[in-house]
Amino acid sequence: MKRINEYFSTNTNKRSPVPAIPIAEEESSLICDTINSEEPGTSSSNVVMSRVNDVGMFIKVDRNLTDNEKHIVLTNAWIPPVSYSFPILEPNKERKLKFQHHWLTSYSWLLYSEIKSGAFCRFCVVFAKCGGVGNQKLGFLSSEPFNNWKKAKEVFNKHSLLEYHKTAALKADSFLSVFSKKQKSIVDALDDDRSKQIINNRKRLLPIVECIILCGKQEIALRGHRDFGPIDFTSASAKNEGNFREILKYKVKDDDCIRSFLESDSRNKYLSPRIQNEIIAICGDVLLKKIVEKINASKCFSVLADETTDISVTEQLTICVRYLSGTGNDVQINEDFIMFVEIHSLTGVDLASAILNGLNVSGINCDFLYGQGYDGAANMSGQFKGVKSIIQAKYPKALYVHCVAHSLNLAVSSACDLQPIRICLGVIEKLYCFFNTPKRKNALFEAISNSDLIPSIKSLKRLCATRWIQRYDAVNDFVQLFPYVVVSLETMSSWKDVTAVEANMLRNAMDSEFLISVQIIKVLFSYGLPLCKQLQSKDIDLKEMVGLAEDNVNALKQLRTNIEPEFKKIFDEAQKMAEVLDFQIVVKRINKRQINRANPSLSSEEPEDYFRVTICIPYIESFINQLELRFLEHHNIFKGFYCLFDNNEDSNEADFESLVSFYLTHHDLSTTLGELKMWKLKP
């Protein structure tokens, strides 16, 4: 890391201007002492406040000036303008003598101090230590102001010939020549080659950093089979040195300086995996810093967290943040990843500590935490020891919102507990596993190739293990490939191995109840799939989510209301699948007492009526109930905000009052309600 920091250190060749020193507390006291030290009888109104960088501010008893102060006296001290009115020290005398401005041009070393009301030598103020032979004490123009204007020219001419004045002038020239190079360290000033080496190293490091950033941006792996030694630039070389080294070779092939360096036998070429990881970590810190700055600037954010396990079976907590950026019409909703946190305990206390520590370590101000989004597990959403309760105890305004996509997944999963639906999905999964071998998959491909109609899908998909609504793709693909699956199963039934037994069992499992269930699942999952995709968009808000869920529920209720014509379409599609299997859809044998399946008493014995009552209607109603149950909590959270979007003047003001009281500790109810009414009148 030390070598990387050398490259990112400040360029020593850059020169920064020396700032002017403002009047600080010490300098202000010096001015006050000067005013108080005036001789009796002097009017205080004649004492004028000093200008910035007046030479009198730098007259010190110990004469120990800093380098910046010396530089100001020598190059940037205050000089009165031509129009400046110099004070008359003895106004009662006939000859009213005062300082003459042309003396400043005649004597380049001369300065006038408004604080001290006298003249000084800029060189002697800084560098004179004694007043000549015998280490005499310094006097006028050095440590004390000169104001005997009657003898001014005589004293100035004499001072120009003094040895200690000439010595101070030489020291001033030497100081100014060294001060211009002050930004360099002592080592750099003594060894200029080291500065040149730093510049060359930065130049060599730049293409390496750019290649690493390119690989990260394009999601290309850096490592190759051979990641050590000098890079081979010969055209005859057939070795593949990995993405990073090959991209670097292409980038610097026309740069002879960097190319010769990479071809050399030097060990420190900054190409090792350790250096790559350091550069990647530095890039991550830079990106995280920019994200944190935007989060803190928004002054309102929600934390999103979930647990995951990587390939090494290490428990990791993923921390993300949702916040707003921009103003006016340019407001955008952002969801950014912050970090992975390795965890060793899944209790609510430990997970809450990991989340808060991760936010604090990143530099995020948790005082702006207004929302939490997790799954519905007990350790996350528990009322007493869950993560949301522990964080709310510290940050009461951090409302918990159950992940809506996860809520939809739980709703679909619970609705699919109906026995015919669960068995149907299990058979489809078994069919995928059965055809997931080369020999059996070839039998399916052969059935497809021998058909007159070639489908766009050539293989079955596995049911998604976590997202139930995503199983629509697997069910839909199975329906499209159903005729070819039946043909391939009949073909494999004649094989002389165990495959024939499994093929017969799977073919017999596709009975009337299975075909009806497949078509029902396909229809209902098609209602939930668009909702699932919309709920996963990063720019959706709680109001829009509640509206979409209500629209989905209303669509299912309309399907339930018109169940007879809608189910007839489903039944006709199932009948077409039954013709492929060469049988008609029939009702299973009904006994007087049924325990494991439905046994309704119907006036009609038609299969359509039986399956509509036993499978379709219960599944739709279960789907509706689960959606209303899972999204009811979100509706209650958003209840107070409805007053902002409802134009009805009779909207529930009590909910709005409770909302304002939650976010504002002190507020005027009448003023708040007045602002609400004005908001509703806004077009």
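Refer to the structure above for everything that follows.
Starting afresh in each chain, residues are numbered from 1 along the sequence in its written order. Two thresholds apply to this predicted model, a pLDDT of at least 70 for residue-level local features and 80 or more for giving and counting side-chain atom pairs, whereas whole-chain, interface and lining totals are computed over all residues. Side-chain numbers here rest on the full set of heavy atoms in the structure, without hydrogens or water.

(A) Seen up close, the packing of aromatic side chains. Pairing of aromatic rings covers Phe, Tyr and Trp, the last counted by its six-membered ring, and requires centre-to-centre distances within 6.5 Å; plane angles under 30 degrees mean stacked, over 60 mean edge-to-face, and any other angle means tilted. All told, the structure shown has 25 aromatic pairs when counted by the stated rule. Taking the centre distance of 5.4 Å and the plane angle of 65° together, the rings of Tyr107 and Phe156 count as edge-to-face. Highlighted residues: Tyr107 in the loop between α4 (102-106) and β1 (110-113) and Phe156 in helix α6 (residues 152-160), separated in sequence by 49 residues. The exposure class assigned to Phe156 is buried, which follows from its relative accessible area of 0%. Where Tyr619 meets Phe623, the ring centres are 6.1 Å apart and the plane angle is 80°; that geometry is what we call edge-to-face. With Tyr619 and Phe623 both in helix α24 (residues 607-637), this residue pair falls four residues apart, about one helical turn. The two residues Tyr619 and Phe623 agree in class, both being buried. Members of the aromatic cluster, joined through ring pairs, are Trp78, Tyr84, Phe86, Phe99, Trp103, Tyr107, Trp109, Tyr112, Phe140, Phe146, Trp149 and Phe156. By definition, being over a ring means that NZ of Lys or CZ of Arg is both within 6 Å of the ring centre and within 35 degrees of the ring normal. Positioned above the aromatic ring of Trp468 is the side chain of Arg471, whose terminal nitrogen or guanidinium carbon lies 3.7 Å from the ring centre. Elements are defined by DSSP. Helices are runs of H or I of four residues or more, strands are runs of E of two residues or more, and each kind is numbered from the N terminus. Between buried and exposed lies partly exposed: a residue is buried under 20% and exposed over 50% of the maximum accessible area for its type, with that area taken using a 1.4 Å probe on protein chains only.

(B) Region of the structure containing unusual backbone geometry. The backbone of Lys299 shows a phi angle near 60°, a positive value even though the residue is not glycine. In this structure, Lys299 sits in the loop between α12 (273-298) and β3 (301-309). The exposure class of Lys299 is exposed, given its relative accessible area of 54%.

(C) Local environment of the pairing of strand β4 (residues 315-325). Of all the eleven residues making up β4, eight are buried; the element is thus mostly covered by neighbouring parts of the structure. Strands are labelled as partners when DSSP assigns at least two bridges between them. Connecting β3 to the next strand, β4, in antiparallel fashion are five residues, including Val313 with a positive phi near 60°. Sheet analysis places β4 next to strand β5 (residues 332-342), joined by ten bridges and oriented antiparallel. Of the residues in β5, the one forming a bridge with Leu317 is Val341. Connecting β4 to the antiparallel partner β5 that follows it, the hairpin turn spans six residues, and Gly326 within it adopts a positive phi of roughly 90°.

(D) Region of interest: the sheet that holds β3. Across the sheet, which stays open at both edges, the five strands sit in the order β5-β4-β3-β6-β7 with mixed pairing between neighbours. Each having just a single partner strand, β5 and β7 (399-402) make up the two edges of the open sheet. The sheet shows a mean angle of 25° between the axes of neighbouring strands, taken without regard to direction. Sheet analysis places β3 next to β4, joined by nine bridges and oriented antiparallel. By the bridge assignment, Val303 is partnered in β4 with Val321. Convention adopted: a line fitted to C-alpha atoms gives each axis, helices being fitted over their contacting stretch, and angles between N-to-C directions are expressed from 0 to 180 degrees.

(E) Seen up close, the pattern of salt bridges. For this analysis, a salt bridge means a side-chain nitrogen from Lys or Arg found within 4 Å of a carboxyl oxygen belonging to Asp or Glu. Summed over the entire model, instances satisfying the criterion amount to 13 salt bridges. As a salt-bridge pair, Arg612 and Asp609 come within 2.9 Å of each other at their nearest N and O atoms. With Arg612 and Asp609 both in helix α24 and three residues apart, the pair spans about one turn of that helix. Asp609 matches Arg612 in its accessibility class, with the two residues each being buried.

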